[in-house]
Amino acid sequence: MSPTDASTAGSTKFVSSYTDLAAEVRESGLLDRRRGFYAYRITLTVLAFLAVWALVVVLGETWWQLALAVVAAVISAQFGFLGHDGAHRQMFSSPRANDWAARLLAAAGAGLSLHWWRNKHNRHHRAPNQIGVDPDIADGPIAFVPEYAAARTGFRRWFARRQGWLFIPLLTLEGVSLHIASIQGLTARTPIPHRALEIGLIVLRLGLGFAVPFLVMTPVQAVCFIAVALGVFGTLLGGAFAPNHKGMPLVPKDLRVDFLRRQVLMSRNVRGGLFTDVMMGGLNYQIEHHLFPSMPRPNLRKVQPLVRAHCALHGVTYTETSLVASYGIVIRYLNQVGLGHRDPFTCPLVRTYR
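Residues numbered from 1 in each chain as written. Predicted model: local features only at pLDDT ≥ 70, side-chain atom pairs only at ≥ 80, totals over all residues. Heavy atoms only, no water.

Asker: Describe the side chain of Asp99, with residues and values.
Answerer: Tracing the sequence through the fold places Asp99 in helix H4 (residues 95-110). Note on Asp99: relative accessible area 13%, which makes it buried. If sequence neighbours within four positions are ignored, Asp99 has contacts with Arg89, Leu114 and Arg118. (Helix = DSSP H or I, 4+ residues; strand = E, 2+ residues; numbered from the N terminus. Buried < 20%, exposed > 50% of the residue type's maximum accessible area, 1.4 Å probe, protein only. Contact = heavy atoms within 4.5 Å.)

Listed below in structure tokens is the structure:
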């Protein structure tokens with residue numbers, strides 16, 4: 001049997017396997033909506049947002065405002081996670097209701113665009129860690145692919161060789177990057193539904209975040225407040241997404257992989273309790289989220305035993321580690337890529353059929 005025939009036969013086996021898992025999950029009821037959870041979480045987040053900004057105004061000129069900047073960033077990140085859930089249609093049965101919830105929560109609460117985010121994020125879900133397909137490993141400031149790093153010269157080459165150690169400090173700029181990308185995505189010369197509304201809400205949200213500090217604090221305090229809020233916001237969002245795929249196997253652009261192995265082998269879960277679940281927006285259950293993207297966030301923890309057992313039964317590697325260990329893997333991987341180590345984490349499917 002040729003490698004292609006073996007790959008096709010294996011894919012057929014795993015497609016059937018995923019069908020069995022999906023049927024088991026549907027029967028468990030874990031794909032049912034959790035409206036009460038989302039009503040509570042949205043209400044709590046909105047009230048916290050209003051309370052923290054009211055307290056910012058009340059406190060006025062004091063360096064204690066920096067503590068509130070951290071709290072404001074945490075709340076903004078929670079809006080981002082809620083927008084993510086709505087974009088995946090986890091909240092409501094109606095696609096329209098999910099879209100509007102995601103649009104309003106992301107834009108007004110976090111200053112992010114549903115249109116830009118969904119377009120980028122859906123491409124990631126279709127092909128995680130696939131070179132030339134997944135936008136999350138596209139060539140940018142950080143080189144996630146050895147070939148990208150090898151092609152760099154001058155300062156970019158110097159930077160790439162140290163990118164693992166620079167990665168976490170760079171996360172503090174991720175919030176600024178997300179805001180800029182959202183606005184750029186909305187100003188593209190293509191038809192965009194509700195473009196004006198999203199731009200208006202984002203401008204209003206960012207305007208609030210910049211104007212209020214300067215109105216109630218000294219200029220130096222205001223600058224520090226904004227810097228801390230943006231830095232923590234970026235670290236929280238970037239830090240929730242980075243451990244899930246970075247340092248996992250890369251897939252060549254032309255390799256076809258069945259859905260089960262595509263989502264499981266290229267994803268990593270992060271162990272933790274309730275605090276980790278909240279601070280990572282449920283994305284610490286990345287394998288389950290990729291297998292069932294429309295599953296409500298609180299059910300991801302419940303479906304994990306089913307998925308883990310299914311993977312063990314069919315010999316599919318299920319990766320889970322601690323948050324600290326996951327960042328160690330990411331830093332080591334990025335340094336290896338930057339130093340020119342070819343295919344430091346090669347996909348097991350490539351090793352099999354190469």
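Having seen the model, we can carry on.
Asker: Explain the UniProt feature "transmembrane region" (unreviewed entry) in the chain to me, using residue names and the numbers behind them.
Answerer: Listed under "transmembrane region" (unreviewed entry) in the UniProt record, and renumbered for this structure, are residues 38-59, 66-84, 100-117, 165-187, 199-216 and 223-242. For the annotated span residues 38-59, helix accounts for 100% and strand for 0% of the residues, and the straight-line distance between the end C-alpha atoms is 31 Å. The distance from the first to the last C-alpha atom of residues 66-84 is 27 Å, and the span holds 100% helix and 0% strand. (UniProt positions renumbered as here; feature names shortened; annotations may be inferred.)

Asker: Pulling in residues and values, what's your account of the packing of aromatic side chains?
Answerer: The description of an aromatic ring pair uses the distance of the two centres, along with the angle that the planes make with each other. By the definition in use, this model includes nine aromatic pairs. Where Tyr18 meets Phe292, the ring centres are 5.9 Å apart and the plane angle is 25°; that geometry is what we call stacked. Note that Tyr18 is positioned in helix H1 (residues 3-28) and Phe292 in the loop between helix H14 (286-291) and helix H15 (297-313), a separation of 274 residues in sequence. Here the two residues Tyr18 and Phe292 agree in accessibility, since each one is buried. Where Phe155 meets Phe159, the ring centres are 6.2 Å apart and the plane angle is 45°; that geometry is what we call tilted. Of this pair, Phe155 and Phe159 are both found in helix H7 (residues 154-161), four residues apart, which corresponds to roughly one turn of the helix. The exposure class assigned to Phe155 is exposed, which follows from its relative accessible area of 60%. Grouping aromatic residues by their ring pairs yields a cluster made of Tyr18, Phe259 and Phe292. Sitting over the face of the ring of Trp100, Arg103 holds its NZ or CZ atom 4.7 Å from the ring centroid. The positively charged end of Lys246 is found above the aromatic ring belonging to Phe144, 5.0 Å away from the centroid. (Phe/Tyr/Trp six-rings, centres within 6.5 Å; stacked < 30°, edge-to-face > 60°. Lys NZ or Arg CZ within 6 Å of the ring centre and 35° of its normal.)

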